[in-house]
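# Coordinate analysis (summary)
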Amino acid sequence: MTFEEMNVRAARREMIPDTLLPSERMAYMALCLLYELHGLGRLSREDGVRLKEGIRQELTEMQDRERKYIAAETTCRLLRQSDCPAAKALLHEIESIGE
């Protein structure tokens, strides 16, 4: 789901879709909160626009981190399946980083 689609759905006060990734869920909930605060008169339109742009930027950064995490997890899964000694050594190095 694009940021604009999330924005429209949040403005309509639609329930959060079950299919969103964690970063998208957080952005969607933040957008819903912005619209609620604006509706209650607690947030000006200008502040809402500024905060919404911050949410968009944060979402982009979180999605980049998620993609890198998924790529790293896929790489480790493939290394575990390999019989290559160099792959096993690399996997051992990767797994020892957190120790």
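Figured I'd write up the structure that's included with this text. (Residues numbered from 1 in each chain as written. Predicted model: local features only at pLDDT ≥ 70, side-chain atom pairs only at ≥ 80, totals over all residues. Heavy atoms only, no water.)

### Overview of the nonpolar core
By size, the foremost hydrophobic cluster in this structure holds 11 residues: Phe-3, Met-6, Ala-10, Leu-20, Ala-27, Tyr-28, Leu-31, Leu-34, Leu-43, Ile-55 and Leu-59. Those elements that provide at least two residues to this core are helix H1 (3-11), helix H2 (22-39) and helix H3 (45-81). At 4 residues, the largest contribution of residues to this core is made by H2. What Ala-10 contacts, discounting residues up to four positions off in sequence, is Tyr-28, Leu-31, Cys-32 and Tyr-35. (Core = buried A, V, L, I, M, F, W, Y, C linked by side-chain atoms within 4.5 Å. Buried < 20%, exposed > 50% of the residue type's maximum accessible area, 1.4 Å probe, protein only. Helix = DSSP H or I, 4+ residues; strand = E, 2+ residues; numbered from the N terminus. Contact = heavy atoms within 4.5 Å.)

### Looking at H3
In a regular helix each residue adds 1.5 Å, so 37 residues correspond to 54 Å; H3 covers 53 Å between its end C-alpha atoms and thus fits that length. Every buried residue of H3 is listed here: Gly-48, Ile-55, Leu-59, Gln-63, Glu-66, Cys-76 and Leu-79. Contact partners of the buried residues in H3: H1, H2 and helix H4 (85-96). (Expected span 1.5 Å × (residues − 1).)

### Let's talk about the packing of H2 against H3
In the contact formed by H2 and H3, the axes pass within 9 Å of each other and the chain directions differ by 175°. What the angle tells us is that H2 and H3 run roughly antiparallel. Here Pro-22, Ser-23, Glu-24, Met-26, Ala-27, Ala-30, Leu-31, Leu-34, Tyr-35 and His-38 of H2 come into contact with H3, specifically with Arg-45, Gly-48, Leu-51, Lys-52, Ile-55, Leu-59, Met-62, Gln-63 and Glu-66. Taken together, the residues of the contact of H2 with H3 break down into 11 nonpolar, 4 polar and 4 charged. (Axes fitted to C-alpha atoms, helices over the stretch in contact; angles between N-to-C directions. Parallel < 35°, antiparallel > 145°, perpendicular 65-115°, else oblique. Nonpolar A, V, L, I, M, F, W, Y, C, P; charged D, E, K, R; others polar.)

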